[in-house]
Every structure is written in structure tokens, then in C-alpha cells.
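Listed below are the residues making up each chain.
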Amino acid sequence: MIDALLERLHTLATDEQILVNEPMAKHTTMRVGGPADVLFLPDSIEEVAKALAWAGELGVPALLMGNGSNLIVRDGGVRGLVISLGERFSRIRVQGEELTAQAGASLKRVAAAAQEAGLSGLEFAAGIPGTLGGGVAMNAGAYGGQVSDVLVDAQVLLDGEAATLTRAEMEMGYRSTVPLKRGLPVLSARFRLTRDDPEAIAERARRFNALRREKQPLSFPSAGSVFKRPVGQFAGALIEAAGLKGLTVGGAQVSEKHAGFIINLGGATATDVLKLIAEVQRRVQAHAGVWLETEVRIVGTDEAGQ
């Protein structure tokens, strides 16, 4: 079935868009993970829709991803098709006080485009290491701002066709939206922003980024915050209170700078990371009676070819 899918993909896209047995460690910010059978890099909605339709017809599992900033791929890799909405799918357009961007645009670049246009409202996103698609699907936020504050609507892939969901229809909550719950790929999003002095906007973004550098282990590969915030509490504080800062499994470590992060010290495997996550969950449960739910997305198999 993979060969049949490859044959069809080659009628749709160039060879450089279709990667076979591609190591996913190269495409995730944690820098772990085995190979994907096929990694496809589309540059249009038509290509995304056709690739998904063909995979469905042929019975090939399909997974959509952004830049892999919130993704842990198991060491056996991913069977079937992985579609990465990255740089080839990242156009940004500003019209008046509205900004529209495709899913593969980095949140950093979207925030920068808004700042250059003198539009305020996306400063909180300037340092979030993800793409627009994932950020919208998760209602990403930081430093008192979140996507739902400025979103007008989002274009998603629904039953093989592009459909637009308003902010109300997105049902956006804490790290929750309809696309996330239903597995609907976000293709693009439109934001309504506020006019402001570009330098004032840039200064706010710089301040947020300085706070991020001060508090987060940005010099090591990671997948960002590993755990969701428990109601009324903070995951990092619970982990630190349980004495787990610096806890290590293989090449994976609970960051000594911010306990909510697990970092790759060098040479970590996905198995190291997942074992460490499980150990943190177990010990925090024993210490504080709170079960930490993962915020990161975990995909793939433990054994190659399985």
C-alpha cells in the first residue's frame, strides 16, 4: 500500500516533497524518534486533501504535524504517511487590521509580521516554538495572552474539504478546541488585531522573550511544557516540590531550570523521555495526589516496522 501511495504522491508533488524512511528526530524539537515510512511536505490545500484522501482509500494511516515542537515520536517511528505542514505551507497576509496565515508558519514569524505591520495582540506568541496550526488547535498561550483572544476564524479540513469555523464554533478553552478534539487539521487562521506603535509592540515581545529565556531551558532540545496545568496548580511547581528537578533517565532529564520541561541532554531516545514522563507522573501522584496529564502529543510505535 505504501508503494501505491508513493506512486500517487509522485504525480502530485516533486521528489523533494516526498521523503521515504525519514528519521523523525530531524523533524521534532525534542530530537528523538524513529523513521516515518513516508514524510510528505505539501505546499497547498489541494495537496493536503489529495494525500489524505489517497491514504484513506489505500488503508494507509496518516498523521498531520507542524514543526514537531509539541511532538514525541516513539523509537520505532511512524507507520504510514506523515504530512508536515511546515515552511512550504506558511504564507502570511496582512490586510488592514487583520492577519491571515497558513498553518505551517511559525508563531514567531506570525508575531513578527504583526509587529512589522503595527498590529498588536500576538506579542505573547513571539517566543512560542510552534507553528500556527498547532497553536490554533491547542489555543496556545503565554504571559496572559492566548490565541482565542484575537482569533476571528480558522480554516480546517473537514471531510476532505476546507471549511471555516468561527471562534465560537471552535469552542476554545484551555489547551482545547474542536479541531483538537475531533482531529481536524487546521489549515489557516485569521486574526483581528489592534493598531499600535511597532516599537512598543516589539518591546513587549522582547520583554516576554527575556522572561522565557530566564525561566526556560532554551539551550537544550525539548518539546516545551510536557504536562497540562492542573486546575489551580502548576505542573512545574508540583514536580519541583516532589524533588524531581534534575531527575535523569538515559539522555533525558527533568530540567534543573524549569521542572515542567524535559530536555534532551544529548543522545536521548524517545524511550528515555517516555520512561521519565511516567516516573514523574508516578512520583507526583505519590507526593501530591495529583496525576499530571501530558500536554505533548505522543505518536508512533516502539519497534521499527511494527
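We now turn to the structure provided with this report.

Calculation rules
- Residues numbered from 1 in each chain as written.
- Predicted model: local features only at pLDDT ≥ 70, side-chain atom pairs only at ≥ 80, totals over all residues.
- Heavy atoms only, no water.
- Salt bridge = Lys/Arg side-chain N within 4 Å of Asp/Glu carboxyl O.
- Helix = DSSP H or I, 4+ residues; strand = E, 2+ residues; numbered from the N terminus.
- Buried < 20%, exposed > 50% of the residue type's maximum accessible area, 1.4 Å probe, protein only.
- Polar contact = N/O pair within 3.5 Å; in protein donor to acceptor, adjacent residues only side chain to side chain.
- Contact = heavy atoms within 4.5 Å.
- Pairing = 2+ DSSP bridges.
- Phe/Tyr/Trp six-rings, centres within 6.5 Å; stacked < 30°, edge-to-face > 60°.
- Lys NZ or Arg CZ within 6 Å of the ring centre and 35° of its normal.
- Arc of directions from axis to C-beta.
- Core = buried A, V, L, I, M, F, W, Y, C linked by side-chain atoms within 4.5 Å.
- Axes fitted to C-alpha atoms, helices over the stretch in contact; angles between N-to-C directions.

1. A look at the pattern of salt bridges
A side chain of one charge can pair with a side chain of the opposite charge when the charged atoms of the two come close.
No. 1: Across all of its chains, the model carries 19 salt bridges by this definition.
No. 2: Arg-88 serves as the salt-bridge partner of Glu-16, at 3.2 Å between the closest nitrogen and oxygen. Of this pair, Glu-16 sits in the loop between α1 (2-12) and β1 (18-23) while Arg-88 is found in the loop between β5 (78-84) and β6 (92-95), placing the two residues 72 residues apart along the sequence.
No. 3: Residue classification places Arg-88 among the partly exposed residues on the basis of a relative accessible area of 30%.
No. 4: The salt bridge involving Arg-206 is made with Glu-199; its shortest N-O contact spans 2.3 Å.
No. 5: Arg-206 gets classed as partly exposed once you look at its relative accessible area, which sits at 42%.
No. 6: When its relative accessible area of 46% is taken as the criterion, Glu-199 is described as partly exposed.
No. 7: In this structure, a network of salt bridges that share partners links the residues Glu-98, Asp-153, Arg-190 and Arg-192.

2. Description of the side chain of Asn-264
No. 1: Of note, Asn-264 is situated in strand β18 (residues 261-264).
No. 2: From its side chain, Asn-264 meets the backbone oxygen of Met-30 in a polar contact 3.1 Å long.
No. 3: Polar side-chain contacts of Asn-264 include one of 2.8 Å to the backbone nitrogen of Gly-266.
No. 4: Excluding its chain neighbours within four sequence positions, the residues that come into contact with Asn-264 are Met-30, Arg-31, Val-32, Phe-220, Pro-221 and Gly-251.

3. Observations concerning the pairing of β18
No. 1: Side-chain alternation along β18 places Phe-261 and Ile-263 on one buried face and Ile-262 and Asn-264 on a second face that is also buried.
No. 2: Bridge count between strand β15 (residues 222-225) and β18: 2 bridges; the pairing is antiparallel. Across the sheet, Ser-225 pairs through a bridge with Phe-261, a residue of β18.
No. 3: Here 3 bridges tie strand β17 (residues 252-254) to β18, and the two strands are oriented antiparallel to one another. Within β18, the position partnered with Gln-253 by the bridge is Ile-263.
No. 4: Counted along the chain from β17 to the antiparallel partner β18, the turn is 6 residues long.

4. Quick look at the packing of aromatic side chains
No. 1: For the structure shown, the criterion picks out 1 aromatic pair.
No. 2: Lying across the ring of Phe-208, Arg-207 places its NZ or CZ 5.7 Å from the centre.
No. 3: Geometry around Tyr-174 places Arg-229 over its ring, the cationic atom sitting 4.6 Å from the centre.

5. Looking at α1
No. 1: Within the span of α1, buried status applies to Leu-5, Leu-6, Leu-9 and Leu-12. For α1, the buried positions fall inside an angular range of 115 degrees around the axis, keeping them on one side. Every exposed residue of α1 that faces more than 90 degrees away from the buried side is listed here: Asp-3, Glu-7 and Thr-11.
No. 2: Turning to α1, the residues buried within the fold contact β1, β2 (35-40), α2 (45-58) and β5.

6. Quick look at the nonpolar core
Generally speaking, soluble globular proteins have nonpolar side chains that are buried together.
No. 1: Within the largest apolar cluster, 34 residues are counted, with the highest numbers of intra-cluster contacts made by Leu-99, Leu-122, Leu-132, Val-136, Val-147, Phe-191 and Leu-193.
No. 2: For this core, the secondary-structure elements that each account for two or more residues are β7 (98-102), α3 (107-116), α4 (132-137), β11 (151-158) and β13 (186-192).
No. 3: Counting residues per element, this core draws most heavily on α3, at 5 residues.
No. 4: Leu-132 has contacts with Ala-101, Gln-102, Ala-103, Ala-105, Leu-107, Val-110, Ser-188, Ala-189 and Phe-191, leaving out every residue within four places of it along the chain.

7. A closer look at the sheet that holds β1
No. 1: Ordered in space as β1-β2-β5-β3, the 4 strands form an open sheet in which the pairing is mixed. The open sheet terminates on both sides in strands that have one partner only, identified here as β1 and β3 (62-65). When strand polarity is set aside, the average angle formed by the axes of neighbouring strands in this sheet is 30 degrees.
No. 2: Pairing of β2 with β5, which is carried by 4 bridges, proceeds in the parallel orientation. By the bridge assignment, Val-38 is partnered in β5 with Leu-81.
No. 3: Taken strand by strand, α1 contacts β1, β2 and β5, and its axis lies near 25 degrees from that of β2.

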